[in-house]
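# A structural walkthrough
The residues making up each chain are set out below.
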Amino acid sequence: MEHLKLSIPNFKYKDLHQHASGVSKGSSNRSAKQKANHLALKLYLENELPDEAEKPLKVAAPITEENKLFCWPWTGILVNIVKESDSANDFEDTEYWIKRFSKYKPEDVELLWDAEKRTAKAFVTFNNSLIGLKNGMEFEKAFGAENPSGSSSIHAWLARANDFELQGPIGDYLRMNRDLKTVSEVEQEVAKTRKRPLIELATEIDMRNENLDELQTKCNQKTMSLSRTMEEINNIQQDFREEKKTAGP
């Protein structure tokens with residue numbers, strides 16, 4: 001017998017299935033025939049039209065700063081550094097750049113010069129904590145392409161996944177020296193790092209408590225032994241006095 005294919009455009013699968021299931025399970029105002037028909041409809045929906053069932057929509061998580069991939073330790077990329085004759089020595093000195101960007105608390109600056117040593121890129125490393133990220137964001141804001149600082153042509157940004165994947169010296173440097181992490185991942189690592197000393201302290205306290213318990217047990221044992229010894233001495237002294245009294249003068 002050929003199966004009859006139903007078209008149910010006017011009903012949602014979920015609503016129709018719920019209705020058929022409810023009636024088939026029993027209702028005082030439904031006849032046995034109605035219940036049987038609704039049970040048949042329920043089974044038909046489940047066996048013949050499973051693809052019509054509504055599936056939950058998978059909604060992609062919105063891209064935020066928390067789940068974007070950054071190069072870590074946090075790294076600022078500075079470009080368009082052009083060596084000028086009156087500042088040639090300064091530009092090659094890492095300390096010059098650290099001092100220049102001291103407001104953002106960089107931990108290191110590494111310069112990458114072209115073959116003629118006329119123009120360079122710089123990689124500015126910030127502290128790998130969340131405070132370092134904040135400093136890096138402020139650095140990006142101050143020297144970003146949309147808001148260059150002063151009249152200088154240099155501009156900078158905080159390195160992200162797209163920089164990590166670049167072909168050329170920037171991408172090569174980042175892949176060799178950095179990892180990709182989200183802000184959320186770093187937050188979790190910071191939380192674990194903060195918890196670790198507490199766990200270690202709690203473990204040490206437990207161990208010391210165990211040692212104290214052992215010492216207390218040994219002390220109790222010695223106290224009991226001393227008590228028995230004193231009791232024996234008292235008994236011996238009492239026996240001696242009794243014997244002396246019996247023996248007379």
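Heads up: the structure comes first, above all this text.
Note that this is a predicted model, so its numbers are computed, not measured.

## Details of the environment of Thr119
Position of Thr119 relative to the elements: it lies in strand E4 (residues 119-126). Residue class for Thr119 comes out partly exposed when judged on its relative accessible area of 35%. Considering only alpha carbons, one finds Thr119 and Val79, 40 residues apart in sequence, at a separation of 8.6 Å. If we ignore the near neighbours within four places in the chain, the residues touching Thr119 are Ile81, Val82, Leu112, Trp113 and Asp114. Within the structure, the side chain of Thr119 is placed 2.8 Å from the side chain of Asp114, a separation counted as a polar contact.

## What to know about the side chain of Arg178
Positionally, Arg178 belongs in the loop between helix H7 (169-177) and strand E6 (179-182). The buried charged residue Arg178 lacks any salt bridge, with Glu110 as its nearest oppositely charged partner at 6.2 Å. Side-chain polar atoms of Arg178 contact the side chain of Thr75, separated by 2.4 Å. Apart from residues no more than four positions distant in its own chain, Arg178 is found in contact with Cys71, Trp72, Pro73, Thr75, Thr125, Phe164 and Tyr173.

## Looking at the pattern of salt bridges
Going through the model one piece at a time under the given rule, you end up with six salt bridges. Across the salt bridge formed by Glu140 and Arg160, the nearest N and O atoms sit 2.7 Å from each other. Here the residue Glu140 occupies a position in helix H5 (residues 130-143), and Arg160 occupies one in the loop between strand E5 (155-158) and helix H6 (161-164), the gap between them amounting to 20 residues. Taking relative accessible area as the criterion, Glu140 reaches 18% and is therefore assigned buried. With a relative accessible area of 17%, Arg160 lands in the buried category. Each member of the salt-bridge network shares a partner with another, and the members are Lys83, Glu92 and Lys117.

## Some details on the environment of Glu84
Looking at the element boundaries, Glu84 is found in the loop between strand E2 (75-82) and helix H3 (88-91). For Glu84, a relative accessible area of 44% corresponds to the partly exposed category. Taking the C-alpha atoms as reference, Glu84 lies 8.1 Å from Arg118; in sequence the two are 34 residues apart.

## Let's talk about the sheet that holds E5
On the basis of which strands lie adjacent, the open sheet formed by four strands has the order E3-E4-E2-E5 and antiparallel pairing. Each having just a single partner strand, strand E3 (106-113) and E5 make up the two edges of the open sheet. Recorded for the sheet is a direction-independent mean angle of 20° between the axes of neighbouring strands. Alignment of E2 against E5, held across four bridges, turns out to be antiparallel. Paired with Val79 across the bridge in E5 is His155. Strand contacts of H5: E2, E4 and E5, with the helix running at about 150° to E5, the strand carrying the most contacts. Most of the contacts of H7 go to E4, to which it runs at about 25°, and overall it touches E2, E3 and E4.

## Some points on H5
Look at H5: 20 Å from first C-alpha to last across 14 residues, which is about the 20 Å you get at 1.5 Å a residue. Within H5, the full set of buried residues consists of Gly132, Leu133, Asn135, Gly136, Phe139, Glu140, Ala142 and Phe143. If you check the start of H5, you find a side-chain oxygen 3.3 Å away from the backbone N of Ile131, and it comes from Ser129.

Reading the values: rules and limits
Residues numbered from 1 in each chain as written. Predicted model: local features only at pLDDT ≥ 70, side-chain atom pairs only at ≥ 80, totals over all residues. Heavy atoms only, no water. Helix = DSSP H or I, 4+ residues; strand = E, 2+ residues; numbered from the N terminus. Buried < 20%, exposed > 50% of the residue type's maximum accessible area, 1.4 Å probe, protein only. Contact = heavy atoms within 4.5 Å. Polar contact = N/O pair within 3.5 Å; in protein donor to acceptor, adjacent residues only side chain to side chain. Lys, Arg positive; Asp, Glu negative; His and termini not counted. Salt bridge = Lys/Arg side-chain N within 4 Å of Asp/Glu carboxyl O. Pairing = 2+ DSSP bridges. Axes fitted to C-alpha atoms, helices over the stretch in contact; angles between N-to-C directions. Expected span 1.5 Å × (residues − 1).

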